[in-house]
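Take a look at the letters that make up each chain.
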There are 2 protein chains.
Amino acid sequence: MKFYKNEPLILLAVDCIIFGFNGESLQILLIKRGFEPEINHWSLMGGFVQPEESPEEAATRILKKLTGLENLYMEQSSIFGKPDREKYQRVVSITYFALIDTNQYQHILSDEYKAKWFPIDNYPELIFDHEEMIVSAKRLLRSKAAVYPILFELLPEKFTLPQISSLYEAVYTIDIDKRNFNRKLLSSKLLIKLNEKDKENSKKGAFYYTLNRDVYKERIMSFLRYLPSWSIQEQ
Amino acid sequence: MKFYKNEPLILLAVDCIIFGFNGESLQILLIKRGFEPEINHWSLMGGFVQPEESPEEAATRILKKLTGLENLYMEQSSIFGKPDREKYQRVVSITYFALIDTNQYQHILSDEYKAKWFPIDNYPELIFDHEEMIVSAKRLLRSKAAVYPILFELLPEKFTLPQISSLYEAVYTIDIDKRNFNRKLLSSKLLIKLNEKDKENSKKGAFYYTLNRDVYKERIMSFLRYLPSWSIQEQ
DNA sequence: GCAAAAGTGTTAACTATACACCCATGC
DNA sequence: GCATGGGTGTATAGTTAACACTTTTGC
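Since the model is a prediction, treat every value here as computed from it, not as a measurement.

1. Considerations on the overall build of chain A
Then comes step 1: The helix and strand tally for chain A stands at five helices and ten strands.
Then comes step 2: Projected onto its principal axes, the C-alpha coordinates of chain A cover approximately 65 × 50 × 40 Å.
Then comes step 3: Of all 235 residues assigned to chain A, the portion counted as buried reaches 56%.
Then comes step 4: Of the contacts made within chain A by residues no fewer than 6 positions apart, 64% connect residues no fewer than 24 positions apart.
Then comes step 5: On chain A, roughly 11,800 Å² of surface is accessible, and the fraction owed to carbon and sulfur atoms is 49%.
Then comes step 6: Distance between charge centres in chain A, computed from 32 positive and 32 negative side chains, equals 5 Å.

2. Let's talk about the packing of helix α3 (residues 161-172) of chain A against helix α4 (residues 178-187) of chain A
All names here are of chain A.
Then comes step 1: One can describe the packing of α3 onto α4 by two numbers: an axis separation of 10 Å at closest approach and a directional angle of 110°. Classified by the angle between their axes, α3 and α4 sit roughly perpendicular to one another. Residues Leu161, Ile164, Ser165, Tyr168 and Glu169 of α3 lie in contact with α4, whose contacting residues are Lys178, Phe181, Asn182, Leu185 and Leu186.
Then comes step 2: Across the contact of α3 with α4, the residue classes break down as six nonpolar, two polar and two charged.

3. With respect to the packing of aromatic side chains
Then comes step 1: Considering all chains together, one arrives at 16 aromatic pairs over all chains under this definition.
Then comes step 2: Ring centres of tyrosine 4 of chain A and phenylalanine 48 of chain B lie 4.7 Å apart, and the angle between their planes is 65°; this geometry places the pair in the edge-to-face category. Of the two residues, tyrosine 4 of chain A sits in the segment before β1 (9-21) while phenylalanine 48 of chain B sits in strand β4 (residues 45-48), which places them in two different chains.
Then comes step 3: The exposure class of tyrosine 4 of chain A is buried, given its relative accessible area of 9%.
Then comes step 4: Put simply, the rings of Phe152, Phe159 and Tyr216 of chain A touch in pairs and so form one group of aromatic residues.
Then comes step 5: Directly above the ring of phenylalanine 207 of chain A sits lysine 197 of chain A, whose terminal nitrogen or CZ lies 4.8 Å from the centroid.
Then comes step 6: For the cation-ring pair, lysine 193 of chain B lies above phenylalanine 207 of chain B, with the distance from its terminal atom to the ring centre recorded as 4.4 Å.

4. Points about the UniProt feature "domain: Nudix hydrolase" (unreviewed entry) in chain A
Then comes step 1: Under the feature "domain: Nudix hydrolase" (unreviewed entry), the UniProt entry names residues 9-141 of chain A.
Then comes step 2: This span, residues 9-141 of chain A, is 19% helix and 38% strand, and a straight line between its end C-alpha atoms measures 32 Å.

5. A word on helix α2 (residues 130-145) of chain A
All names here are of chain A.
Then comes step 1: Relative to the 22 Å expected for 16 residues at 1.5 Å per residue, α2 spans 22 Å between its end C-alpha atoms, a close match to the ideal helical length.
Then comes step 2: If you check which residues of α2 are buried, you get His130, Met133, Ile134, Ala137, Leu141, Arg142, Ser143 and Ala145.
Then comes step 3: Residues of α2 that are buried in the fold lie against β1, β2 (26-32), β3 (42-43), β5 (73-80), β6 (91-101) and α3.

6. Some thoughts on the sheet that holds strand β10 (residues 206-211) of chain A
Residues and elements named next belong to chain A.
Then comes step 1: The strand order across the open sheet built from three strands is β8-β10-β9, with neighbouring strands paired in antiparallel fashion. The sheet is open, and its two edges are formed by β8 (158-160) and β9 (191-198), each paired on a single side. The sheet shows a mean angle of 45° between the axes of neighbouring strands, taken without regard to direction.
Then comes step 2: Examined bridge by bridge, β9 and β10 share five bridges and lie antiparallel to one another. By the bridge assignment, isoleucine 192 is partnered in β10 with threonine 210.
Then comes step 3: Across the sheet, α3 is in contact with β8, β9 and β10; its angle to β8 comes to roughly 80°.

7. Concerning the protein's contact with DNA strand C
Then comes step 1: The environment of DNA strand C is made up of 16 residues, and the closest members are Pro162 and Arg179 of chain A together with Arg179, Asn180 and Lys203 of chain B.
Then comes step 2: Looking at DNA strand C alone, sugar and phosphate atoms form 46% of those within 4 Å of the protein.
Then comes step 3: Separating a sugar or linking oxygen of DNA strand C from a backbone N or O atom of lysine 203 of chain B is a distance of 3.4 Å.
Then comes step 4: Elements represented by at least two residues in the surface near DNA strand C include exactly α4 and β10 of chain A together with α4 (178-187) of chain B.
Then comes step 5: At three residues, the largest contribution of residues to the surface near DNA strand C is made by α4 of chain B.
Then comes step 6: Split into classes, the residues belonging to the surface near DNA strand C amount to three nonpolar, four polar and nine charged.

8. Describing the protein's contact with DNA strand D
Then comes step 1: Every one of the 17 residues lining DNA strand D counts as a neighbour, but Arg179 and Asn180 of chain A together with Arg179, Lys204 and Phe207 of chain B are closest to it.
Then comes step 2: Here arginine 179 of chain A contributes a side-chain N or O atom positioned 2.5 Å from a base nitrogen of DNA strand D.
Then comes step 3: In the environment of DNA strand D, a base nitrogen lies 2.8 Å from a nitrogen or oxygen atom belonging to the side chain of asparagine 180 of chain A.
Then comes step 4: Looking at the surface near DNA strand D, the elements with two or more residues in it are α4 of chain A together with α4 and β10 (206-211) of chain B.
Then comes step 5: Looking at the surface near DNA strand D, the element that brings in the most residues is α4 of chain A, giving three residues.
Then comes step 6: Looking at the surface near DNA strand D residue by residue, the class counts come to three nonpolar, four polar and ten charged.

Conventions adopted
- Residues numbered from 1 in each chain as written.
- Chains lettered and ligands numbered in written order.
- Predicted model: local features only at pLDDT ≥ 70, side-chain atom pairs only at ≥ 80, totals over all residues.
- Heavy atoms only, no water.
- Helix = DSSP H or I, 4+ residues; strand = E, 2+ residues; numbered from the N terminus.
- Buried < 20%, exposed > 50% of the residue type's maximum accessible area, 1.4 Å probe, protein only.
- Contact = heavy atoms within 4.5 Å.
- Areas by Shrake-Rupley, 256 points an atom, 1.4 Å probe, with all protein chains shown as cover.
- Lys, Arg positive; Asp, Glu negative; His and termini not counted.
- Charge placed at Lys NZ, Arg CZ, Asp CG, Glu CD.
- Axes fitted to C-alpha atoms, helices over the stretch in contact; angles between N-to-C directions.
- Parallel < 35°, antiparallel > 145°, perpendicular 65-115°, else oblique.
- Nonpolar A, V, L, I, M, F, W, Y, C, P; charged D, E, K, R; others polar.
- Phe/Tyr/Trp six-rings, centres within 6.5 Å; stacked < 30°, edge-to-face > 60°.
- Lys NZ or Arg CZ within 6 Å of the ring centre and 35° of its normal.
- UniProt positions renumbered as here; feature names shortened; annotations may be inferred.
- Expected span 1.5 Å × (residues − 1).
- Pairing = 2+ DSSP bridges.
- Near = heavy atom within 4 Å.
- Polar contact = N/O pair within 3.5 Å; in protein donor to acceptor, adjacent residues only side chain to side chain.

Below, the structure is given as structure tokens:
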């Protein structure tokens, strides 16, 4: 039994913004689009929501198909639905953003997948409103990361304090006082110090740390602090 | 010229969660649904996105039609898109939340509109996943309001300090120390003191304030503070 | 032995919190 | 004149921010 007989049907798409960190700079994964229209132009990874799947499942499926990536930190970001956002046909798109450590996923740069990493502030022209999608996702990443420690998703299993600093510096394009920042990190109880040093980047070597997954999950799950902090002055 | 010929078409709906504040408690606006299926059951205000409008425009149109409300503070909240979320047919729904001062909009309770206010913690059973939508919107309201002063949308043009406190107490279900809270409010530069008192609620009377719209807009527009505050411990 | 990056220590300024009292008014 | 809610003041603890120096090691 069907109702809504006179209501319009719409094409519903998902597009994925995949942020990566290579130890130095924040990057974004793009592909050469494999279907018309705009075939062979750079774009976000996207596809259509199918009848038997939720939008979230569609995003997961598409990511897997186009990059082989699975089990990512992924989050719904925004909706893009102006009637004329794609030139040819009306498509409403839901965007998702995902976070990965680029070094762990070199295989997505293989011939099988036509994906390529670009610096977040220097990527080719994209189809439709995909640039706007990136800008919006980046803003969300920043505000989420200011409250939840999600940026750890961008780091390898073992990481050093200097790596975390440069990650935050890359995401917010700021200079961080490492002395204060390290102290903050250590007092967060999120890190477990390992008895091992990364000697690649300095002579002295920096100790490796790993995430305390229990504390991490708690923090990610816990809601925002509920007391208003909006009275804080902007400088 | 059309592409995507083999892609599935989907019904795309919007549902609106309207929060109101009457000076005492946080409320939510529901209607008796006017169309099948589930006609005459309590539900959020909803409808379908039409070919020539964006989802946001659809939400605006539907709100106007069902309640007469216009020019509200409104924000995209989430997506509900499980294949079986409506029993009869596949519908993906985008939720929006809106904030209003209930006293200013008594007319929506007229016979013309079948809308009714309910306390946020005590409303009738709703169709489909609408309760989940409310829970999710309430969470978003709380987290947004912890960073941006959006709750002022729930207050009348002129309001008193005690009114703001009780609004925050209602939204977060906490007790607030009025002495500290007032100081925080006043130092925020968001308020302009008027030479007029509300004598309805006390003998002494409480001074009216009004929003400094310039400062308010700046705050609403400004992004989150960019430095990570996630190292803050939960108690 | 020196350059280069890692990491620790100290202080001052600011914010948040806890708590107690006076004020204005209607009855 | 007293009960009621409105509003101000202060002291303390905790957090952030600014700044300088020591450590380790490869060459």
